[in-house]
Amino acid sequence: MNMNQEILRRRTFAIISHPDAGKTTITEKILYQGKVIREAGEVKGKKGTKSATSDWMTMEQERGVSITSSVMNFDFRKLRVNLLDTPGHKDFGEDTYRTLHAADSAAMLIDAAKGVEAQTRKLYEVCRLRKMPMFTFANKMDREGKDPLELIDDVEQTLGMACFPVTWPIGMGDRFRALYHRLDSKLFLYTKGVELPEVIDVKGPADPLIEEKVGTELFELFTENAQLLDEALVSFSEKEFLDGKISPMTFGSAKFNWGVDLFLDIFSKWAPSPGIRNTTDGPLDPLHPKFSGFVFKIQANMDPKHRDRVAFIRACSGKFERGMKVYHTRLGRDLRLAYANNFMAQDRQTVNEAYSGDIVGVNDTSNFQIGDSVTWGKDFKFESIPRFSPEIFMRLSIKDPLKRKKMQDAIGHLVEEGLIQFFYVPALGRQEFILGAVGELQFDVLMYRLRDEYGLDVKSETLPVQLARWVWTKDGGLHFDVPKSVDQIYFDNSDKPVVLLENEWDLNWLTKDNPELVFTPSAVYTDHT
Ligand code: G4P
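Residues numbered from 1 in each chain as written. Predicted model: local features only at pLDDT ≥ 70, side-chain atom pairs only at ≥ 80, totals over all residues. Heavy atoms only, no water.

Colleague: Just to check I follow, could you spell out unusual backbone geometry for this structure?
Modeller: With glycine set apart, most residues show a phi of negative sign, and most peptide bonds adopt trans. Positive phi, close to 80°, is recorded for Asp20, a residue that is not glycine. Position of Asp20 relative to the elements: it lies in the loop between β1 (10–17) and α2 (23–33). Despite not being glycine, Ser185 shows a phi value in the positive range, around 50°. By secondary structure assignment, the location of Ser185 is in the loop between β8 (178–181) and β9 (186–189). (Helix = DSSP H or I, 4+ residues; strand = E, 2+ residues; numbered from the N terminus.)

Here it is as structure tokens:
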């Protein structure tokens, strides 16, 4: 296969969901169908903790969580699929957001009984910023849940994204019988405990064969819905899908493996190959023959004995070869990517080549920061990964004043690495350490590393703050003065003005009192807020 064919068969995606919606379960079923694992149950440990990629840090073992987002890849039909794992539970953090920046599409998994939940909404915001194509899988159809039409309405109302149901469920809970494929006019009949569905070609939703298979009551309900769908729902447009405005939706049960095959089928037909990425030098074609990429994640101390770090690079053009020389645009010099590893489940496999769309893990001796670009020698940078509003804020202090400088350096280093966000009051300068994180685990890792790596004994105080909002004028310029209704303006690590707020209520006041300003939940200007 030549380079272009290799790139065009890449499909890099991530699953977004709220904890407990079934992400681990569906990942396991997808990997099973992709033949990465031989037996269901390999991904999920007995106590419900993920067993993949977990012995890198002592803390990971202590906590029984997987801190890193790993990458799994497999061949499906003619495609090479890269599935990026987005940490979800307690380990939810900025890594989760950044992983989405490395994906070309996302699958939103929702619990059919609960609809769109908080964490999904937050993650969806990142996808929306990137106008990312999005698939939707309504899970747990083996249980009683919301009416499918209500679910569609929920997605549309909550996220402002239209849904296009490719399949339609017939029955729900104990009465779930089948999925009807609306585009292929096929009926997929599922039975608990039977691995493969019975697939029947039908002449359309009114075909009496369906009634024969599912019974009169379910059939009548189904035909009623089918008619409603045809009348009420928008038609599918590929352009709108690629712009993230309409989402192909399907239903099923990850637990019983219902509809996962159909999801993969829809995914393999519609998911986009690596797209054009914006750079400071204009748009870059993924088929450009020379290798380039950006760092979206740094994993430190995988082996504490060696203090090694791994930089995860999303390849955006060309072909990567083990040991190749690249140009590091921030440092302005060439660098040899000496050891490349590919991360799949528990194994670090050595990769000899990778293509645009793939993720490459390279061993790093502190040359890389999150957002760094590597190119074939040309001086450009990829569009940056925005910082998103932290939700937990702490003020850190150190007892021993002699260690203040060391603390400043350590924090500076960890902030640059992207572990945590830093804010300061202009009048006090960078002397005071106000730190923010999206997830609690980020703070745990911070404290652990300050102690373990830097030998610093640090005191932390939680601040009564839950939101950060970056402050702009209507035309997208930064606004440095203190807005009305708050008494302080802060700066972030890049000296951009931010307000820190206690709750949504305060945000409402702030917005009302300052109609001439725009407050954004990420460090990039967007006009939809
Ligand atoms: P997460 O990674 O998104 O947090 O979810 P996970 O897959 O761990 O699933 C959370 C719970 O939901 C698990 O139950 C899992 O079995 C269940 N689940 C996942 N998909 C389905 C589904 O399609 N139908 C039903 N009925 N349940 C589903 P648990 O009780 O926490 O664990 P377990 O003992 O069942 O493994």
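Colleague: Would you mind showing me how to read the sheet that holds β9 here?
Modeller: Pairing between the strands of a sheet comes from backbone hydrogen bonds, and it takes one of two forms, parallel or antiparallel. Strand order across the open sheet formed by 4 strands is β7-β8-β9-β10, with antiparallel pairing between neighbours. Strand pairing shows two members of the sheet lacking a second neighbour, β7 (167–170) and β10 (198–201), which therefore form its edges. Within the sheet, the average angular offset between the axes of one strand and its neighbour, ignoring direction, is 20°. Examined bridge by bridge, β8 and β9 share 4 bridges and lie antiparallel to one another. (Pairing = 2+ DSSP bridges. Axes fitted to C-alpha atoms, helices over the stretch in contact; angles between N-to-C directions.)

Colleague: How should the packing of aromatic side chains be read in this particular structure?
Modeller: To describe a pair of aromatic rings, one takes the distance between the centres and the angle between the planes. Under the counting rule described, the total for this entry stands at 29 aromatic pairs. Ring geometry for Phe137 against Phe263: centres 6.1 Å apart, planes inclined by 90°, an arrangement best described as edge-to-face. Here Phe137, found in strand β5 (residues 134–139), pairs with Phe263, found in helix α10 (residues 260–270); they are 126 residues apart in sequence, far enough to count as distant. A residue is classified by how much of its surface remains accessible, and Phe263, at 3% relative accessible area, is buried. With 6.0 Å between their ring centres and 45° between their planes, Phe393 and Phe423 make a pair best called tilted. Taken together, the residues span a long stretch of sequence, with Phe393 in strand β24 (residues 392–398) and Phe423 in strand β25 (residues 421–424) at a distance of 30 residues. Across this residue pair, the class does not change: Phe393 and Phe423 are buried. Joined through ring pairs, the aromatic side chains of Phe13, Phe135, Phe137, Phe164, Phe236, Phe241, Phe263, Phe267 and Trp270 make up one cluster. The ring of Phe164 is capped by Arg182, whose NZ or CZ atom sits 5.5 Å from the centre of that ring. (Phe/Tyr/Trp six-rings, centres within 6.5 Å; stacked < 30°, edge-to-face > 60°. Buried < 20%, exposed > 50% of the residue type's maximum accessible area, 1.4 Å probe, protein only. Lys NZ or Arg CZ within 6 Å of the ring centre and 35° of its normal.)

Colleague: I keep staring at a positive patch on the surface and nothing clicks. Help me out?
Modeller: There is a patch of like positive charges on the surface, built from Lys114, Arg143, Lys192 and Lys255. Residue Lys114 is classed as partly exposed on the basis of its relative accessible area, which comes to 47%. (Patch = residues over 30% accessible without salt bridge, like charges linked within 9 Å, V, L, I, M, F, W, Y side chains within 5 Å. Areas by Shrake-Rupley, 256 points an atom, 1.4 Å probe, with all protein chains shown as cover. Salt bridge = Lys/Arg side-chain N within 4 Å of Asp/Glu carboxyl O. Lys, Arg positive; Asp, Glu negative; His and termini not counted. Charge placed at Lys NZ, Arg CZ, Asp CG, Glu CD.)

Colleague: Would you mind showing me how to read the layout of surface pockets here?
Modeller: Rolled over the atoms, a probe as big as a water molecule pinpoints where empty space is left. If you add up the space inside the largest pocket, you get close to 820 Å³. Along its surface, the largest pocket is lined by 32 residues, and Glu125, Leu467, Arg469, Glu504 and Pro521 are the ones closest to its centre. Those elements giving two or more residues to the lining of the largest pocket turn out to be α5 (118–129), β28 (467–473), α13 (504–513) and β31 (517–520). Ranked by residue count, the leading element in the lining of the largest pocket is α5, at 7 residues. Both domains that meet at the lining of the largest pocket, namely domain 1 (3–167 + 241–270) and domain 3 (392–527), each give it at least three residues. (1 Å grid on protein atoms, 1.4 Å probe; cavity = no way out; pocket = protein on both sides within 12 Å on 5 of 7 lines; lining within 4 Å. Points joined across faces, edges and corners; volume = space filled by probe spheres on them. Domains from an automatic or database assignment.)

Colleague: Looking at this structure, I do not really get the nonpolar core. What am I missing?
Modeller: Generally speaking, nonpolar side chains in soluble globular proteins are found buried as a group. One finds Ile170, Leu187, Ile210 and Phe368 to be the most contacted residues of the largest nonpolar core, which totals 80 residues. No other element matches strand β15 (residues 309–317), which puts 6 residues into this core. Residues from two domains meet in this core; each of domain 1 (3–167 + 241–270) and domain 2 (277–375) gives at least three. If you look at the next biggest cluster of nonpolar residues, it comprises 28 residues, including Leu79, Ala107, Leu109 and Ala254. (Core = buried A, V, L, I, M, F, W, Y, C linked by side-chain atoms within 4.5 Å.)

Colleague: Sorry, what's going on with helix α6 (residues 148–159) here?
Modeller: The periodicity of an α-helix, 3.6 residues per turn, causes residues three or four positions apart to be oriented the same way. Taking 1.5 Å as the rise per residue, α6 with 12 residues should run 16 Å; its terminal C-alpha atoms sit 16 Å apart, in good agreement. Taken as a whole, α6 has its buried residues at Pro148, Leu151, Ile152, Asp154, Val155 and Leu159. The buried residues of α6 occupy an angular sector of 155° when the element is viewed end-on, so they sit on one face. Its buried side turned inward, α6 meets β4 (105–111), α5, β5, β6 (162–165), β7 and β11 (246–251). The backbone nitrogen of Leu149 has a side-chain oxygen 3.0 Å away, supplied by the residue at the start of α6, namely Asp147. Directly beyond the C-terminal end of α6, a positive phi value near 70° is found at Gly160. (Expected span 1.5 Å × (residues − 1). Arc of directions from axis to C-beta. Contact = heavy atoms within 4.5 Å. Polar contact = N/O pair within 3.5 Å; in protein donor to acceptor, adjacent residues only side chain to side chain.)

Colleague: Looking at this structure, I do not really get the sheet that holds β4. What am I missing?
Modeller: Strand order in this open sheet of 7 strands is β2-β3-β1-β4-β5-β11-β6, and the pairing throughout is mixed. Taken across any chain shown, the strands that pair with only one partner, and hence form the sheet edges, are β2 (71–76) and β6. For this sheet the average axis-to-axis angle between neighbouring strands, irrespective of direction, equals 30°. Note: β6 against β11, 4 bridges, orientation parallel. Residue Ala162 lies in a different strand from β11, and its bridge partner there is Ile246.

Colleague: Just to check I follow, could you spell out helix α8 (residues 216–232) for this structure?
Modeller: Here α8 is 17 residues long and its end C-alpha atoms lie 24 Å apart, about the 24 Å a rise of 1.5 Å per residue gives. Buried residues of α8: Leu218, Phe219, Phe222, Asn225, Ala226 and Leu229, and no others. Viewed along the axis of α8, the buried residues span an arc of 130°, placing them on a single side of the element. What points out from α8, more than 90 degrees from its buried face, is the exposed set Glu217, Glu224, Gln227, Glu231 and Ala232. As for α8, its buried residues are in contact with α6, β6, β7, β8 and α7 (208–214).

Colleague: When you look at the side chain of Ser292 in this model, what are you seeing that I'm missing?
Modeller: Structurally, Ser292 is set in strand β14 (residues 292–300). Residue class for Ser292 comes out buried when judged on its relative accessible area of 0%. A polar contact is formed between the side chain of Ser292 and the side chain of Ser317, at a distance of 2.7 Å. What Ser292 contacts, discounting residues up to four positions off in sequence, is Leu284, Arg314, Ala315, Cys316, Ser317, Val374, Thr375, Trp376, Phe380 and Phe382.

Note that every value here comes from positions in space, so none of it alone points to a role or purpose.
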